Amino acid sequence: MHTNTVHLSITHWLSCMACSSLGAFPALSLHADPTSSPFLTLHAVRQWNNVPFFTVPLARAHGKSFAHRSDLRQAKRIVVKLGSAVVTRGDECGLALGRLASIVEQVAMLQNQGREMMIVTSGAVAFGKQRLRHEILLSQSVRQALHSGQNQLKDMSLPVLEARACAAAGQSGLMALYEAMFTQYSTCTAQILVTNLDFHDDQKRRNLKSTLHELLRMNIVPIINTNDAVVPPPEPNSDLQGVNVISIKDNDSLAARLAVEMRADLLIALSDVEGLYDSPPGSDDAKFLDTFYPGDQHSITYGTKSRVGIGGMEAKVKAALWALQGGTSVVIANGTHPKVTGHVITDIVEGKKVGTFFSEVKPAGPTVEQQTEMARSAGRTLASFEPEQRSDIICALADLLTERKDQILSANKKDMEHAVSRLSPAMVKRLSLSSSKLNSLSIGLRQIAVSSQDSVGRVLRRTRVANNLELEQITVPIGVLLVIFESRPDCLPQVSALAIASGNALLLKGGKEAANTNRILHELAQEALSIHGVKDAIQLVSTREEVEDLCRLEKMIDLIIPRGSSQLVRDIQRAAKGIPVLGHSEGICHVYVDHEASVDKAIKIIRDSKCDYPAACNAMETLLVHRELLRTPLFDQLIDMLRTEHGPKRLQDIM
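Residues numbered from 1 in each chain as written. Predicted model: local features only at pLDDT ≥ 70, side-chain atom pairs only at ≥ 80, totals over all residues. Heavy atoms only, no water.

A. Expanded view of a nonpolar patch on the surface. A cluster of nonpolar side chains, Val459, Ile474 and Val476, forms an exposed patch at the surface whose accessible area comes to about 240 Å². Tracing the sequence through the fold places Val459 in strand S14 (residues 459-466). Using a relative accessible area of 34% as the deciding quantity, one classes Val459 as partly exposed. (Patch = residues over 30% accessible without salt bridge, like charges linked within 9 Å, V, L, I, M, F, W, Y side chains within 5 Å. Areas by Shrake-Rupley, 256 points an atom, 1.4 Å probe, with all protein chains shown as cover. Salt bridge = Lys/Arg side-chain N within 4 Å of Asp/Glu carboxyl O. Helix = DSSP H or I, 4+ residues; strand = E, 2+ residues; numbered from the N terminus. Buried < 20%, exposed > 50% of the residue type's maximum accessible area, 1.4 Å probe, protein only.)

B. Structural view of the pattern of salt bridges. Scanning the model with the defined rule gives 21 salt bridges in all. For Glu261, the salt bridge identified is with Lys209, shortest N-O distance 3.7 Å. Placement of Glu261 in helix H8 (residues 251-261) and of Lys209 in helix H7 (residues 202-217) is noted, with a sequence separation of 52 residues between them. The class for Glu261 is buried, based on a relative accessible area of 16%.

C. Inspection of the side chain of Arg488 at higher detail. Along the chain, the position of Arg488 falls in the loop between strand S16 (480-485) and helix H16 (491-501). Asp490 provides the closest opposite charge to the buried, unpaired Arg488, separated from it by 4.4 Å. Excluding anything up to four places from it in sequence, Arg488 contacts Arg430, Tyr613, Ala616 and Cys617. (Lys, Arg positive; Asp, Glu negative; His and termini not counted. Contact = heavy atoms within 4.5 Å.)

D. Structural view of the confidence of the model for the protein. In this model, the protein carries a mean pLDDT of 79, and residues with pLDDT of at least 70 account for 79%. Within the model, the stretch residues 647-655 combines pLDDT values under 50 with eight contacts to residues more than four positions away or in other chains. (pLDDT = per-residue confidence, 0-100.)

E. Here's a closer look at the nonpolar core. Grouped together as the largest cluster of nonpolar side chains are 42 residues, with contacts concentrated most on Ile393, Ile394, Ile408, Leu506 and Leu508. If you look at the next biggest cluster of nonpolar residues, it comprises 41 residues, including Val260, Met313, Ala319 and Trp322. (Core = buried A, V, L, I, M, F, W, Y, C linked by side-chain atoms within 4.5 Å.)

F. Quick peek at the sheet that holds strand S8 (residues 266-271). The eight strands are arranged S6-S7-S5-S4-S8-S12-S13-S11 in an open sheet whose pairing can be described as mixed. Every interior strand has two partners, whereas the edge strands, strand S6 (188-194) and strand S11 (291-292), have only one. Note that strand S12 (residues 329-334) and strand S13 (residues 356-358) share three bridges and pair antiparallel. When the bridges of S13 are listed, Val331 appears paired with Phe357. Sitting on the sheet, helix H3 (residues 97-112) is in contact with strand S4 (77-82), strand S5 (116-121), strand S7 (220-226) and S8, with an inclination near 155° to S5. (Pairing = 2+ DSSP bridges. Axes fitted to C-alpha atoms, helices over the stretch in contact; angles between N-to-C directions.)

G. Quick peek at unusual backbone geometry. Non-glycine residue Ser186 carries a positive phi angle of around 55°. For Ser186, the location among the structural elements is in the loop between helix H5 (163-183) and S6. Residue Ser186 is classed as partly exposed on the basis of its relative accessible area of 46%.

H. Up close: the environment of Val591. Secondary-structure assignment places Val591 in strand S20 (residues 590-593). Along the sequence, Val591 and Leu623 sit 32 residues apart, while their C-alpha atoms lie 5.0 Å from each other. In this structure Val591 touches Ile605, Ile606, Ser609, Met620, Thr622, Leu623 and Leu624, once residues within four positions along its chain are discounted.

I. Quick look at H3. Look at H3: 22 Å from first C-alpha to last across 16 residues, which is about the 22 Å you get at 1.5 Å a residue. The complete set of buried residues in H3 reads Leu100, Ser102, Ile103, Val104, Gln106, Val107, Ala108, Leu110 and Gln111. Looking at the residues trailing H3, positive phi occurs at Gly114, about 105°. (Expected span 1.5 Å × (residues − 1).)

J. Up close: the sheet that holds strand S18 (residues 538-540). Taken in spatial order, the four strands make up an open sheet running S18-S17-S16-S19, and their pairing is parallel. Edge positions in the sheet fall to S18 and strand S19 (559-563), since each of these pairs with one other strand and no more. Neighbouring strand axes in the sheet, compared pairwise and without regard to direction, differ in orientation by 20° on average. Here S16 runs beside strand S17 (residues 505-509); their pairing, made up of five bridges, is parallel. Within S17, the position partnered with Leu481 by the bridge is Leu506. Across the sheet, helix H11 (residues 368-383) touches S16, S17 and S18, and the angle it forms with S17 is around 150°. Lying over the sheet, helix H19 (residues 566-575) contacts S16 and S19, oriented at roughly 160° with respect to S19.

Encoded structure:
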């Protein structure tokens, strides 16, 4: 389609838009002009119209907020609140167009996925301040030119601008900008200005809700703001007075009230900080809270308010808790950081650990961060043990595997019953445990205990640098290991024994299909560790944490070891940006039979490599036979053995 490009002053263009009917203008494509920052490039394109209207059903009955981050994927109706620091530039005059464009793109993307999006935005005052200052400077320049003959330069300082006047001057331009941006994604918007009376008056509140419902039904994104041109000054300490009363004095309380009134599933409040800290973010001991529970309010120390706006973090937390009590989940996140802004909204909706998630359901056990800290502390003690002490722990675990055999097999049976209808036969086989397999595990652990006597502190290389000065290379523990494994529960005691032998703390993340078996095996590992007081050195992550979230703990985890498919290894390597990953490539599971090979030895090796435990990941995949063996007694014996072990159908698959 042919486009005409024009360059207009952003203030002048938006002034024209504000003075005219938006419907009379064509839709506009908006791009930043790299050669002139105060200007935009506007491309005339086809006007948005005739988009079919449809109703998006809610994913659940409203009334209770989501308990876990991963549940946020189910959110259908979402309110996005843009704080003043997100919308405005650093000089507080004018808008941060790059951030706004990214936010609009994410909101439009979610809207086009079938979600119902609403925006509560700041920015009218800042935009109006920019426009009024431009007009005042222009007026002063004209007056200066008229009096230039008197050689008297007048003071060009700007007067203090009243916020209501700025809001009145900036609101129409702000909305025109949103309209132009959303048009690029075939998404229509509508502006709604509200005051306290619109919520406290029953009839007005019903009218407001009816309007919003109708806009959402027509697949339109409502953009809501307080009517700052007429709103009275905020009254201190009057914004939050219970579930049924909330005063709209800032956009935090407005967004909370709106989310509850509209039964939104999720409220995303974007600010200029990553989320909530237990003390002011600038302090040295400030700890970021990725999840916040209503009962933890007493543990928070708030700092100063944002550089712009009238809310501050305390107002955000109060509004968030109010919305949470009303059945809406809340996430407070950073909308200004250049590395995360481009995906912050979509990442939150995907359940990623971004910002602070408000939840009414506090987990019974420790968080994964607390588990990692516990493992690191106990792991340091484990690393200082004598080899005999570590060996004792491994032998104790080996004994427990046989002594508690019935308990382990009972837990494994539960996992098997759930897995039969959901997993492939090979995966079910890997999941299963038996008495013989537990006995083999016990023997293997004892072998590790014997060989671990010099695992830590062994001198690998010694070099004499000078007289009385030697340089030694010795083995030392790595620190905290994160081992991610799939459906094989026998991996847990094996990895635990190796970690104990090498003096490393261990964080284990197993597949949910083996949850019951992993839990009992982990309990046995901790029981063995308890004989020397280091029970917490091995932790099992049984929460709903995503693997990507674990891979972000670069300050707490020293090495990630994925055990599983090549796809799992690639996913972990991609997700772990700041943590080394000890990965593996796909092995070649081939067996070659030479024409001079021993018949008995060849048959034994092939039977063991394929028939003994075909579900193993290192089971034989390809059998290569020397061409001279074709149609020989050895070849016939191999075929007969495979046919006996697997049957004609399986033999065809193998061949």
